[in-house]
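An overview of the molecular structure
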Amino acid sequence: NAGVTQTPKFQVLKTGQSMTLQCAQDMNHNSMYWYRQDPGMGLRLIYYSASEGTTDKGEVPNGYNVSRLNKREFSLRLESAAPSQTSVYFCASSENVGVGEKLFFGSGTQLSVL
Amino acid sequence: QQQVKQSPQSLIVQKGGISIINCAYENTAFDYFPWYQQFPGKGPALLIAIRPDVSEKKEGRFTISFNKSAKQFSLHIMDSQPGDSATYFCAARVTGSARQLTFGSGTQLTVLP
């Protein structure tokens, strides 16, 4: 029962470099998310995908792009990394548990941009 | 602009004590209030959640108290244990908006043995 798998776990980039964060879930969930976590800021939604083939901007989408490759996979791309994108990134998927949505998070990617 | 304000930022409690974390919100369209627990190096995990039609929900040692008129909700951890040491996030969601869980800033709880 892998749940939500993110790769890589750690990454160091230089300003201007690009990279893609990979995420896959094996729970057959329709909805997937990318969040970033910064000290004192909680978790902020970057992008969201309600289903395969659809994506939508969240609270902090600038500097990022996403691809919902299929139902399982949702990737996040930084085209030209900036120091302000230093953060911990979490991918999540969700299911409705009656009272509301339950998010299942991956273990995160710690990204440093120098 | 933070729509869900969480306090305190950090909390230290003795084993067996009660831990209380508070959240306040302004948007009356919020209709779902979950709490997430995060251990170091892990992603957050749903702990307990409440809808605004009830004032309290209890699951084991964890209780959510909800005050709709004051637009506040809180997490109470009874008989706190060292294993409860983690970061706790409150969150809220707007009606019909499955994508938008707005999270509080988090509370780092330390339970001393």
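Residues numbered from 1 in each chain as written. Chains lettered and ligands numbered in written order. Predicted model: local features only at pLDDT ≥ 70, side-chain atom pairs only at ≥ 80, totals over all residues. Heavy atoms only, no water.

Considerations on the overall build of chain A
The helix and strand tally for chain A stands at zero helices and eleven strands. Listed N to C, the secondary structure of chain A is β-β-β-β-β-β-β-β-β-β-β in terms of helices and strands. Based on the C-alpha atoms only, the size of chain A along its principal axes is roughly 45 × 30 × 25 Å. In chain A, the proportion of contacts linking residues at least 24 apart, taken out of those at least 6 apart, comes to 54%. On chain A, roughly 5,200 Å² of surface is accessible, and the fraction owed to carbon and sulfur atoms is 48%. Of the side chains in chain A, 10 bear a positive and 9 a negative charge, and the two mean positions are spaced by 6 Å. (Helix = DSSP H or I, 4+ residues; strand = E, 2+ residues; numbered from the N terminus. Contact = heavy atoms within 4.5 Å. Areas by Shrake-Rupley, 256 points an atom, 1.4 Å probe, with all protein chains shown as cover. Lys, Arg positive; Asp, Glu negative; His and termini not counted. Charge placed at Lys NZ, Arg CZ, Asp CG, Glu CD.)

Concerning the overall build of chain B
Regarding its fold elements, chain B presents zero helices and eleven strands. Ordered by position from the N terminus, the helices and strands of chain B form the series β-β-β-β-β-β-β-β-β-β-β. The C-alpha atoms of chain B give 13 Å as radius of gyration, which agrees with the globular expectation for 113 residues (13 Å, within 12%). Taking the principal axes of its C-alpha atoms as reference, chain B extends roughly 40 × 30 × 20 Å. For chain B, with 113 residues in total, the buried portion stands at 46%. The long-range share in chain B, meaning contacts at least 24 apart out of those at least 6 apart in sequence, stands at 54%. When the accessible area of chain B is evaluated, it comes to approximately 5,400 Å², of which 49% is carbon and sulfur surface. Looking at charge distribution, chain B has the averaged site of its 11 positive side-chain charges lying 5 Å from that of its 7 negative ones. (Rg over C-alpha atoms; globule rule 2.2 N^0.38 Å. Buried < 20%, exposed > 50% of the residue type's maximum accessible area, 1.4 Å probe, protein only.)

Some words on the side chain of R44 of chain A
Residue and element names in this part refer to chain A. Within the fold, R44 resides in strand β5 (residues 42-49). For R44, the side chain forms a polar contact with the side chain of D38, separated by 2.9 Å. Excluding its chain neighbours within four sequence positions, the residues that come into contact with R44 are W34, Y35, R36, D38, E59 and V60. (Polar contact = N/O pair within 3.5 Å; in protein donor to acceptor, adjacent residues only side chain to side chain.)

Observations concerning a nonpolar patch on the surface
Together, I18, I20 and M78 of chain B make up an exposed nonpolar region whose accessible area comes to about 240 Å². Given the relative accessible area of 37%, I20 of chain B is considered partly exposed. (Patch = residues over 30% accessible without salt bridge, like charges linked within 9 Å, V, L, I, M, F, W, Y side chains within 5 Å. Salt bridge = Lys/Arg side-chain N within 4 Å of Asp/Glu carboxyl O.)

Thoughts on the interface of chain B and chain A
Counting from both sides, the interface comprises 21 residues of chain B and, opposite them, 22 residues of chain A. For the pair chain B and chain A, the summed buried area comes to about 1,700 Å², and 57% of that belongs to carbon and sulfur atoms. Inspection of the chain B/chain A interface yields three residue pairs in polar contact (both at pLDDT 80 or more). Put simply, the parts of the chain that give the side of chain B that touches chain A at least two residues each are β4 (30-38), β5 (45-50), β9 (86-94) and β10 (101-103) of chain B. A class-by-class count of the residues in the side of chain B that touches chain A yields ten nonpolar, seven polar and four charged. (Buried area = accessible area lost by both parts, 1.4 Å probe. Nonpolar A, V, L, I, M, F, W, Y, C, P; charged D, E, K, R; others polar.)

Concerning the sheet that holds strand β8 (residues 74-78) of chain A
Residues and elements named next belong to chain A. The four strands lie next to each other as β1-β3-β8-β7, forming an open sheet whose pairing is antiparallel. Of all the strands in the sheet, just β1 (4-7) and β7 (64-68) have a single pairing partner and so form its edges. Taking each pair of neighbouring strands and ignoring which way they run, the sheet shows an average axis angle of 15 degrees. Taken together, the four bridges between β1 and strand β3 (residues 19-25) define a ladder with antiparallel strand orientation. Bridge pairing in β3 links T7 to Q22. (Pairing = 2+ DSSP bridges. Axes fitted to C-alpha atoms, helices over the stretch in contact; angles between N-to-C directions.)

A short note on the nonpolar core
Counting residues in hydrophobic clusters, the biggest one holds 24 residues, and the most contacted among them are V4, F33, W35, F73, L75, Y88 and L109 of chain B. For this core, the elements supplying multiple residues, two or more each, are β2 (10-14), β3 (19-25), β4, β5, β7 (62-67), β8 (72-77), β9 and β11 (107-112) of chain B. No other element matches the four residues that β9 of chain B contributes to this core. Discounting chain neighbours no more than four positions away, the residues touching F33 of chain B are Y25, I48, A49, I50, P52, I64, F66, F73, A91 and A92 of chain B. The next biggest cluster of nonpolar side chains, apart from the first, holds 20 residues, and it includes M19, L21, C23 and W34 of chain A. (Core = buried A, V, L, I, M, F, W, Y, C linked by side-chain atoms within 4.5 Å.)

Details of the pattern of salt bridges
All names here are of chain B. By the definition in use, this model includes eight salt bridges over all chains. Of the charged contacts in the structure, one is a salt bridge between D31 and R93, with a shortest N-O distance of 3.2 Å. Remark: R93 occurs in strand β9 and D31 occurs in strand β4; sequence separation between them is 62 residues. Under the relative-accessibility criterion, R93 is labelled buried at 9%. Between R61 and D84 there is a salt bridge, with its nearest N and O atoms 2.8 Å apart. One end of the pair, R61, is in the loop between β6 (56-59) and β7; the other, D84, is in the loop between β8 and β9, with 23 residues separating them in the sequence. With a relative accessible area of 27%, R61 lands in the partly exposed category. What makes D84 buried here is its relative accessible area of 5%.

Function cannot be inferred from these measures alone, as they are strictly geometric.
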